[in-house]
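Read off the chains here:
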Amino acid sequence: MPYPETTDAFTVTDIKKWSTFKRQELPLKKFEEYDVDLAIDACGVCASDIHTITGGWGEDIPLPLCVGHEVIGKVVKIGSKVTSLKIGDRAGIGAQVGADLTCGNCKADQENYCPNQIDTYGAEHPDGTVSQGGFSSHIRAHEYFTFKIPDNLDTAIAAPMLCAGLTTYSPLKRLGTGPGKKIAVVGLGGLGHFAVLWAKALGAEVYVVSHSPSKKEQALKLGAKEFIETKEKGWADPYKFTMDIAICCADATDQFDLSEYFSILKVNGTFHMVGLPDKPLPSMDAKVFVPNGCYLGASHLGNRPEMIEMFELASKQNIKSWVETIKISEAGCKEAVERVANNDNVRFRLTLIGYDEIFGKRA
């Protein structure tokens with residue numbers, strides 16, 4: 001039975017064939033009074049999608065599964081208690097579609113750490129339905145996790161902000177990024193390019209740290225003051241005690257000599273991870289933290305106020321993510337996930353578009 005009971009989805013049915021997509025109908029959760037339905041127009045492709053469908057994060061996933069959690073579309077249905085959106089609005093959904101909204105974390109604007117949070121895909125709703133993502137015709141989410149998109153932001157450019165954008169914006173804000181601060185962005189990819197854009201927009205001095213010298217031109221064009229290449233021995237020596245924050249956007253941290261990266265931090269500086277590798281971090285002696293009293297941390301997504309503030313900043317400063325578009329189809333989904341998985345010249349995000357051509361005009 002089609003929408004509103006189901007979504008028309010491009011799904012993965014076997015993690016051994018993780019880039020082979022099958023089109024099929026999947027059930028949507030029971031519609032409730034705070035729910036919002038979007039007819040999807042675009043969806044960003046995130047590295048999290050690949051970690052999930054390949055089994056890279058070591059988690060069992062429910063199959064068939066439709067991934068995609070950088071979703072923008074038109075509001076086509078709202079529950080009786082929805083007040084922040086109306087039919088016809090352009091709205092977005094990120095990597096979370098639900099939480100209990102009653103626990104201490106939720107009441108403290110920490111709903112992204114709610115013990116009962118519901119991920120946009122692969123999670124179980126209270127009614128037992130598995131959540132499904134944005135490589136599909138429709139998506140259903142709680143109003144609290146659905147956001148009106150500013151009119152001056154292009155859909156394809158705004159979509160990746162809903163996950164990659166928020167995942168970098170939130171820790172930068174929480175760690176105090178602003179004028180007078182020096183921020184090292186480790187790894188210039190989908191996450192890293194957002195970290196550069198946000199840190200610069202917030203008034204900080206930005207340095208890109210990368211093992212790929214070919215990315216120097218892009219780093220400077222994005223707004224970095226300097227590009228630091230890590231291939232040469234002793235690369236960190238000129239930058240010791242320099243950075244207030246190093247935000248690690250790379251997913252190869254398991255291969256790093258973290259003592260080198262820690263050394264560029266000021267006293268009590270923070271090395272903060274948002275890129276999460278498939279493999280464990282290298283073992284390290286506790287003494288690596290002693291020379292500057294630095295901290296190692298990580299974070300998950302961001303909260304609703306941060307999402308709204310991020311979009312306001314992007315709108316006000318006309319911040320644009322670097323995006324390439326691919327038309328959605330079985331072949332298009334395959335191309336997108338394989339290119340992200342293989343780091344195939346993606347500069348710096350891919351967004352699936354052309355939904356009306358596949359799914360038709362939807363209501």
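Quick notes on the rules
- Residues numbered from 1 in each chain as written.
- Predicted model: local features only at pLDDT ≥ 70, side-chain atom pairs only at ≥ 80, totals over all residues.
- Heavy atoms only, no water.
- Salt bridge = Lys/Arg side-chain N within 4 Å of Asp/Glu carboxyl O.
- Buried < 20%, exposed > 50% of the residue type's maximum accessible area, 1.4 Å probe, protein only.
- Axes fitted to C-alpha atoms, helices over the stretch in contact; angles between N-to-C directions.
- Helix = DSSP H or I, 4+ residues; strand = E, 2+ residues; numbered from the N terminus.
- Parallel < 35°, antiparallel > 145°, perpendicular 65-115°, else oblique.
- Contact = heavy atoms within 4.5 Å.
- Nonpolar A, V, L, I, M, F, W, Y, C, P; charged D, E, K, R; others polar.
- Phe/Tyr/Trp six-rings, centres within 6.5 Å; stacked < 30°, edge-to-face > 60°.
- Lys NZ or Arg CZ within 6 Å of the ring centre and 35° of its normal.
- Pairing = 2+ DSSP bridges.
- UniProt positions renumbered as here; feature names shortened; annotations may be inferred.
- Domains from an automatic or database assignment.
- Buried area = accessible area lost by both parts, 1.4 Å probe.
- Polar contact = N/O pair within 3.5 Å; in protein donor to acceptor, adjacent residues only side chain to side chain.
- Core = buried A, V, L, I, M, F, W, Y, C linked by side-chain atoms within 4.5 Å.

Colleague: Go over the pattern of salt bridges with me, naming the residues and quoting the values.
Modeller: Here the structure, examined in full by the defined rule, presents 21 salt bridges. We note a salt bridge from Asp 89 to Lys 86, for which the minimum N-O separation is 2.9 Å. Residue class for Asp 89 comes out buried when judged on its relative accessible area of 7%. Residue Lys 86 is classed as exposed on the basis of its relative accessible area of 51%. Here Glu 306 and Arg 174 are joined by a salt bridge, their closest N and O atoms 2.7 Å apart.

Colleague: Quick rundown of the packing of helix H4 (residues 164-174) against helix H8 (residues 304-317)? Include the residues and the values.
Modeller: Direction vectors running N to C along H4 and H8 enclose 100 degrees, while the axes themselves pass 10 Å from each other. In terms of their interaxial angle, H4 and H8 are classed as roughly perpendicular. Contacts between H4 and H8 involve Gly 165, Leu 166, Tyr 169, Ser 170, Lys 173 and Arg 174 from the first element and Glu 306, Met 307, Glu 309, Met 310 and Leu 313 from the second. Class assignment of the residues belonging to the contact of H4 with H8 gives a composition of five nonpolar, two polar and four charged.

Colleague: A description of the packing of aromatic side chains should follow, citing residues and the corresponding values.
Modeller: Tallying each qualifying case throughout the model produces twelve aromatic pairs. Among the aromatic side chains, those forming a connected cluster through ring pairs are Trp 235, Phe 256, Tyr 261, Phe 262, Phe 271 and Phe 289. For the cation-ring pair, Lys 77 lies above Phe 31, with the distance from its terminal atom to the ring centre recorded as 4.2 Å.

Colleague: How would you explain the pairing of strand S1 (residues 6-12) if you had to name every residue and give the values?
Modeller: Extensive coverage of S1 is indicated by the burial of seven of its seven residues. Pairing geometry for S1 and strand S2 (residues 21-27), over seven bridges, is antiparallel. Note that in S2 the partner of Thr 11 across the bridge is Lys 22.

Colleague: Any chance you could break down the sheet that holds strand S11 (residues 205-210) for me, citing the residues and the numbers?
Modeller: With respect to topology, six strands assemble into an open sheet ordered S12-S11-S10-S13-S14-S15, the strand pairing being parallel. Since the sheet does not close on itself, it has two edges, and those belong to strand S12 (226-229) and strand S15 (295-298), each with one partner. Each strand axis lies, on average, 20 degrees off the axis of its neighbour in the sheet, ignoring direction.

Colleague: Now, about H4: what can you tell me, with residues and values included?
Modeller: With respect to burial, H4 is a largely interior element, nine of its eleven residues being buried. Every buried residue of H4 is accounted for by Ala 164, Gly 165, Leu 166, Thr 167, Thr 168, Tyr 169, Ser 170, Pro 171 and Leu 172. Contacts from the buried residues of H4 go to strand S10 (182-186), helix H5 (190-201), strand S13 (243-248), strand S14 (265-273), H8 and strand S17 (349-353). Just downstream of H4 lies Gly 176, where phi reads positive at about 90 degrees.

Colleague: Can you break down the UniProt feature "domain: Alcohol dehydrogenase-like N-terminal" (unreviewed entry) in the chain residue by residue, with the values?
Modeller: As recorded in UniProt, the sites labelled "domain: Alcohol dehydrogenase-like N-terminal" (unreviewed entry) are residues 35-151. Secondary structure across residues 35-151 divides into 9% helix and 31% strand, with the first and last C-alpha atoms of the span separated by 23 Å.

Colleague: Account for the domain arrangement of the chain, naming residues and giving values.
Modeller: Assigned domains within the chain: domain 1 (6-162 + 302-357) and domain 2 (165-298). Listed as interface residues are 26 residues of domain 1 and, on the opposing side, 25 residues of domain 2. Summing the contributions of domain 1 and of domain 2, the shared interface buries around 2,100 Å²; its carbon and sulfur component is 62%. When the area that domain 1 buries against domain 2 is broken down by residue, the three leading residues are Glu 306, Trp 322 and Phe 348, summing to 27%. The interface formed by domain 1 and domain 2 contains two salt bridges. Seen at the junction of domain 1 and domain 2, the total is eleven residue pairs in polar contact (both at pLDDT 80 or more). No other element matches the seven residues that H8 contributes to the side of domain 1 that touches domain 2. Taken together, the residues that form the side of domain 1 that touches domain 2 break down as twelve nonpolar, eight polar and six charged.

Colleague: Mind laying out the nonpolar core, listing which residues take part and the relevant values?
Modeller: Generally speaking, nonpolar side chains in soluble globular proteins are found buried as a group. Core analysis: the biggest nonpolar cluster contains 43 residues, and Met 161, Ile 183, Val 185, Trp 198, Ile 247, Met 310 and Phe 311 have the highest contact counts within it. Listing elements by their share of this core, those giving two or more residues are helix H3 (155-158), H4, S10, H5, S11, helix H6 (216-222), S13 and H8. Take this core: its biggest share by element is eight residues, from H5. Lining this core are residues from two domains, each supplying at least three of them: domain 1 (6-162 + 302-357) and domain 2 (165-298). Setting aside its immediate chain neighbours within four residues, Ile 247 contacts Thr 168, Pro 171, Leu 172, Ile 183, Ala 184, Val 185, Val 186, Ala 195, His 272 and Val 274.

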